[in-house]
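Working through the structure, step by step
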Amino acid sequence: MPDYLIAVRNTHAGRFGNEPGPVRFLRVPDGADPQPEQRISRKMWVDEVLAHAHTGRNPLTGKGCGDIVVLVHGYNTTPAAVLARHRQLQRDLPAAGFNGTLVSFDWPSDDRAINYLEDRSDAKITALKLVDDGIATLAATQYRGCEINLHVVAHSMGCYVLREAFDDADDRPAIAASNWNVSQIYLVGADISSTSMSAGDARSRSLYRHCTRLTNYQNPYDAVLKLSDVKRAGVAPRAGRRGLPGDAPSNAVNVNCGRYFNQTFADRRDNGHSWHFADPVFLADLAQTLAGNLDRRVVARRVSDESGNLLLA
């Protein structure tokens, strides 16, 4: 089957670049890389995504039902790398027990870590398009009589894109007046400050307001989010490394993956930032959480420590 992406990159010589550009709804043929000429109309894109998302009918209402997951990548990611991870998850999540469909939001980021600050600026510029042309567009399908659960999985700086998108959307009357929401949000290796995820922090208030449940996957061994990195000088401890603050709202869940990562990757061949997407234990946890059938404390391989904190085990 084809893959479905929303690209907001510029183009140069017929190929995607690393700067903000117009929104393109892409249908990428199986085995191909993302290209500007794969653009289709918004209506056709939404119709096809919905067709793939339908997994059955609700026996109580008779309406079609299913799940859509929007993937938001981090910095230092090329279009080809975006699609590679997209295809990996599209293949592996069903094996872990989740049968929804995936779409990816490809915002402009370079393939060089030195461009961290520029990528962060581009993330801010393109954030609103995530809600405008992605989440709000898909959420509006509820008015078609569909019972589609919409989820978002964001990684690294993609968590910043997501948070800014929700915050900006609430500042725009046309979007704020509409009834848009997502079922679940997942932050993986979140490159946003831990303190900003407090219940009373204005920066994340919209993020919590527009979702049923938010799950933050924390790894204290995440080397990419270390404070000593030159490119990150002066930033506060990150949620992907420190975890959510103690005063996060009740619909927020923090899962500490540190013990599992330390045992599984003892040789540290992984930097602790992107291991999740190829790991069967993490994918099983994500799949069960996406399904939404279990309480947060009995999902997959989660255990509680002596203080009641949730750990991936």
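Conventions we followed
Residues numbered from 1 in each chain as written. Predicted model: local features only at pLDDT ≥ 70, side-chain atom pairs only at ≥ 80, totals over all residues. Heavy atoms only, no water. Helix = DSSP H or I, 4+ residues; strand = E, 2+ residues; numbered from the N terminus. Expected span 1.5 Å × (residues − 1). Buried < 20%, exposed > 50% of the residue type's maximum accessible area, 1.4 Å probe, protein only. Arc of directions from axis to C-beta. Pairing = 2+ DSSP bridges. Phe/Tyr/Trp six-rings, centres within 6.5 Å; stacked < 30°, edge-to-face > 60°. Salt bridge = Lys/Arg side-chain N within 4 Å of Asp/Glu carboxyl O.

**Description of helix α1 (residues 42-53)**
The end-to-end C-alpha separation of α1 is 16 Å, in line with the 16 Å expected for 12 residues at 1.5 Å each. Along α1, the positions that sit buried rather than exposed are W45, V46, V49, L50 and A53. Seen end-on, α1 carries its buried residues on one side only, within an arc spanning 125 degrees. Relative to its buried face, α1 has exposed residues pointing more than 90 degrees away, namely K43 and A51.

**Some words on the pairing of strand β5 (residues 64-72)**
Most of β5 sits out of view: 8 of its 9 residues are buried. Of the pairings in the sheet, the one linking strand β4 (residues 54-57) to β5 comprises 3 bridges and is antiparallel in character. Note on β5: the bridge partner recorded for G56 is C65. Of the pairings in the sheet, the one linking β5 to strand β7 (residues 147-155) comprises 8 bridges and is parallel in character. Following the sheet pairing, G66 is matched in β7 by I148.

**Considering the packing of aromatic side chains**
Under the criterion given, the structure shown has 10 aromatic pairs. Centroid distance Y217 to F282: 4.7 Å. Interplanar angle 70 degrees. Geometry classified as edge-to-face. Placement of Y217 in strand β9 (residues 211-218) and of F282 in helix α9 (residues 280-291) is noted, with a sequence separation of 65 residues between them. Comparing Y217 with F282 shows no difference in burial state: the two are buried. Here the aromatic rings of F277 and F282 are separated by 6.3 Å at their centres, their planes lie at 75 degrees, and the arrangement is edge-to-face. A residue is classified by how much of its surface remains accessible, and F277, at 3% relative accessible area, is buried. Residue class for F282 comes out buried when judged on its relative accessible area of 0%.

**Details of the pattern of salt bridges**
What the rule picks out here adds up to 10 salt bridges. The salt bridge involving D3 is made with R87; its shortest N-O contact spans 2.7 Å. Here R87 lies in helix α2 (residues 79-96) and D3 lies in strand β1 (residues 3-12), a separation of 84 residues in the sequence. Across the salt bridge formed by R302 and D285, the nearest N and O atoms sit 2.8 Å from each other. One end of the pair, R302, is in strand β11 (residues 302-304); the other, D285, is in helix α9, and 17 residues separate them in sequence.

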